[in-house]
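Spelled out, the chains give:
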Amino acid sequence: MEKSISATLVTQFHQNTRMNFNVMQSFSTNSEIFSMSYCPVNNMLLTGCNDGLQGWCFPDPIEDIKHPIPVTSKKFILPTRSGNNDVQDLVDSVEVVGDGVVATKCALHGAIYLWNLTATLASDSTDVKPTHVLRWSDTDNYFMFIGVQAEAGLLCCGDDKGMLWLYDLNLLPPPDPQTHIAVHASTLLPWPEITDRYTEKKRKLSVTTYDIVIDKVALSSDRDYIVAVTNNNMVCIWERS
């Protein structure tokens, strides 16, 4: 993984329709970056790193930037696991849900945290206070990335058993900052039994010989389809019945 990221602030279009990007400014972290998401409400780029969650705040509007400008950097403090108060945890997935709300997944936490970036910045604090804690797999594997479809009000994340954990954000209870009762997935979609004629013909091992890891998911805005990619190079489509 690259330990630096570059912000492209000016784009030029050539007559041959190819795009040439002028990198006007770049900035870096001291840790590996695994995931990033931009929040237009707050003009902030969030990055999940192996030592926590990093953010860069851009001026508004970004289109007016012509020259390198100072970019404010923030290191957010996420909830810690029990017995791990002195260690900043690895953030392997971060996605902006909408209206300044962010979904963040820390490895080994067994949960996905929803929190309000706008409120956090307004409080002049870097401590993340979740509005909801979504119950997720207790796996000790990393890098299964969140998928969000804000228009559909859905969030989904796969695990290392081929399972899809689907959350209907429209059905979330009111925030309860005192108890933080974990919200269970609206639907669990297990890995289906499949027939692979290709592997059978080639006498290769079945795709289910080893655990199926769902690396990334995407959802349609009409809530009818989920697309997932697995660690064994399969692209799978689920249709609502």
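Our subject in this report is the structure included herewith. Values in this document were obtained by computation on a predicted structure and should not be read as measured data. (Residues numbered from 1 in each chain as written. Predicted model: local features only at pLDDT ≥ 70, side-chain atom pairs only at ≥ 80, totals over all residues. Heavy atoms only, no water.)

**Some remarks on the sheet that holds strand S7 (residues 91-98)**
Phase 1 of the analysis: Spatially, S7-S8-S9-S10 is the arrangement adopted by the four strands of the open sheet, whose pairing is antiparallel. The sheet is open, and its two edges are formed by S7 and strand S10 (132-135), each paired on a single side. On average, each strand axis in the sheet is inclined to that of its neighbour by 20 degrees, with strand direction left out of account.
Phase 2 of the analysis: The sheet contact formed by strand S8 (residues 101-106) and strand S9 (residues 111-116) spans five bridges and is antiparallel. (Pairing = 2+ DSSP bridges. Helix = DSSP H or I, 4+ residues; strand = E, 2+ residues; numbered from the N terminus. Axes fitted to C-alpha atoms, helices over the stretch in contact; angles between N-to-C directions.)

**Description of the nonpolar core**
Phase 1 of the analysis: Counting 17 residues, the largest nonpolar core has Leu 46, Leu 53, Phe 76, Leu 78, Val 102, Trp 115 and Leu 117 as its most contacted members.
Phase 2 of the analysis: Residue assignment for this core shows that the elements contributing at least two residues are strand S4 (44-49), S7, S8 and S9.
Phase 3 of the analysis: In this view, Trp 115 contacts Leu 53, Phe 76, Gly 100, Val 101, Val 102, Thr 104, Thr 120, Val 128, Lys 129, Pro 130 and Thr 131; residues no more than four positions away in its chain are not counted.
Phase 4 of the analysis: Of all hydrophobic cores here, the second largest spans 16 residues; its members include Trp 136, Leu 155, Cys 157 and Val 213. (Core = buried A, V, L, I, M, F, W, Y, C linked by side-chain atoms within 4.5 Å. Buried < 20%, exposed > 50% of the residue type's maximum accessible area, 1.4 Å probe, protein only. Contact = heavy atoms within 4.5 Å.)

**Thoughts on the environment of Trp 136**
Phase 1 of the analysis: Assignment of secondary structure puts Trp 136 in the loop between S10 and strand S11 (147-149).
Phase 2 of the analysis: The exposure class assigned to Trp 136 is buried, which follows from its relative accessible area of 3%.
Phase 3 of the analysis: Placed 25 residues apart in sequence, Trp 136 and Ala 111 show a C-alpha to C-alpha distance of 4.7 Å.
Phase 4 of the analysis: With residues up to four places along the chain from it excluded, the contact list for Trp 136 reads Lys 105, Gly 110, Ala 111, Ile 112, Met 144, Cys 157, Gly 158, Asp 159, Trp 165 and Tyr 167.

**Some points on the packing of aromatic side chains**
Phase 1 of the analysis: Taken as a whole, this structure holds five aromatic pairs when the rule is applied.
Phase 2 of the analysis: Ring geometry for Phe 34 and Phe 143: centres 4.9 Å apart, planes at 50 degrees, overall tilted. Of this pair, Phe 34 sits in strand S3 (residues 33-39) while Phe 143 is found in the loop between S10 and S11, placing the two residues 109 residues apart along the sequence.
Phase 3 of the analysis: The class for Phe 34 is buried, based on a relative accessible area of 12%. (Phe/Tyr/Trp six-rings, centres within 6.5 Å; stacked < 30°, edge-to-face > 60°.)

**A word on the sheet that holds strand S15 (residues 214-219)**
Strand pairs in the sheet, formed through backbone hydrogen bonds, run parallel or antiparallel to each other.
Phase 1 of the analysis: Spatial strand order, S15-S16-S17: three strands in an open sheet with antiparallel pairing. In this open sheet, the two edge strands, each paired with only one partner strand, are S15 and strand S17 (235-239). Here the average twist between neighbouring strands, direction ignored, is 20 degrees.
Phase 2 of the analysis: Strand direction decides the pairing type here: strand S16 (residues 225-230) and S17, joined by five bridges, are antiparallel. Note that in S17 the partner of Val 229 across the bridge is Val 235.

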